[in-house]
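Report on the structure
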Amino acid sequence: MNLRSELNKAEGFKNLELLAKQVVEGFIAGMHKSPFHGFSAEFAEHKIYNQGESTRHIDWKLFAKTDKLYTKRYDDETNLRCHIILDNSSSMHYPKLDSFSIDSLNKVGFSALAAASLMHILKKQRDAVGLSIYSDNYDYYAPEKGSERHHQMLLNHLSEAVVSKPLNKQTETYKYLHEIAEKIHRRSMIFLFTDMFQTTEDEVKLFEALRHLKYNKHEVVLFHVFDKAKELNFDFDNKPKRFIDVETGEYINLYADSIKESYSKTVDSYFEALRLKCAQYKIKYVEADINKDFNNILTTYMVERQKFV
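First, a word on scope: everything that follows refers to the structure included in this document. Fair warning: this is a prediction, and the values are worked out from it, not measured in the lab. (Residues numbered from 1 in each chain as written. Predicted model: local features only at pLDDT ≥ 70, side-chain atom pairs only at ≥ 80, totals over all residues. Heavy atoms only, no water.)

What follows is about unusual backbone geometry. A cis amide bond links Tyr94 to the next residue, Pro95, at an omega of -10°. Tracing the backbone through its elements, the reader meets Pro95 in the loop between strand E3 (81-87) and helix H4 (107-124). Although it is not a glycine, Phe234 adopts a positive phi angle of roughly 55°. For Phe234, a relative accessible area of 5% corresponds to the buried category. Even without being glycine, Lys282 reaches a positive phi, approximately 60°. Looking at the element boundaries, Lys282 is found in the loop between helix H9 (260-280) and strand E10 (284-289). Take Lys282: its relative accessible area is 65%, and that puts it in the exposed class. (Helix = DSSP H or I, 4+ residues; strand = E, 2+ residues; numbered from the N terminus. Buried < 20%, exposed > 50% of the residue type's maximum accessible area, 1.4 Å probe, protein only.)

In structure tokens:
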């Protein structure tokens, strides 16, 4: 298959970077008063440039006016490193969509836009960000960097993941989390976007992999991405339907009402077990319902950043 040709045919995000900017600006505008000082790395003051310092933050416009060199000093100058991990298995492409917008997202689309929004903030704060994308392969890896070229490259790979439409791609989360953990040596914030649906291994191995990410004092946030109405509440009309496992191809024919109650109880128990396991291993668990906005994602980032010292 010619991936580039297929991507050109697909209707993905028209402009992921612009949408991410809108998400972040809307979030900030919606807060009456932010308790998170330095969140957007706003400019604070000028200081005289000293010979030998980096020229990166010289205010060249001010130099043109005054013929003197000044650098910008910011409220929040940290060297945060962040690695974003995206599950791109077939189940993450539920529900099936042809085009994407803020109001029309499937699981992978929600995750990609959330990741791009976090990247937008990290870019404003001049922090380094890396990206891993996996399914039943380790599809993509980029180490943590902060350049504009790197930022655009990551956005491009997020956009490609959204329209990739993987067929029968099972989730090998446990396997690739171990590989990712081996690659990240310096202390980082790690954001994992996954629906936690895995058919090949039990959750013991999965949490062993998550614990591996906790090595080197990484802070790990698990964004559990799912369609709450369909995948938890089983909100389907009571007409005969064929429910297909997109990762294995297995299917079952039934009326939704015949299993709705038992299904919801089983899935809710599984989700609660995930929460308890995450708490046990000091992994931040965040429910990410694709039918809601991104406030929970961005608030989590702000809180965790304040704790990351």
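One pass over the structure, following the stated rule, counts one cavity of 30 Å³ or more. Reported here for the largest cavity is a volume of approximately 50 Å³. Around the largest cavity, the lining residues are Leu122, Lys123, Asp127, Val129, Lys145, Gly146, Ser147, Glu148 and His151. Classifying every residue of the lining of the largest cavity by side-chain character gives two nonpolar, three polar and four charged. (1 Å grid on protein atoms, 1.4 Å probe; cavity = no way out; pocket = protein on both sides within 12 Å on 5 of 7 lines; lining within 4 Å. Points joined across faces, edges and corners; volume = space filled by probe spheres on them. Nonpolar A, V, L, I, M, F, W, Y, C, P; charged D, E, K, R; others polar.)

Across all of its chains, the model carries 13 salt bridges by this definition. Close ionic contact of Lys265 with Glu261 constitutes a salt bridge, the shortest N to O distance being 3.4 Å. One end of the pair, Lys265, and the other, Glu261, are both in helix H9, four residues apart, so they sit about a helical turn from each other. With respect to burial, Lys265 and Glu261 carry one shared label: exposed. With its nearest N and O atoms 2.7 Å apart, the salt bridge here joins Arg275 to Glu272. Linking Arg275 with Glu272, this pair stays in helix H9, spanning three residues, or about one helical turn. Look at Arg275 and you get partly exposed, because its relative accessible area is 24%. Glu272 sits in the partly exposed class, given a relative accessible area of 36%. Sharing partners across several salt bridges, the network here consists of Lys228, Glu272, Arg275 and Glu287. (Salt bridge = Lys/Arg side-chain N within 4 Å of Asp/Glu carboxyl O.)

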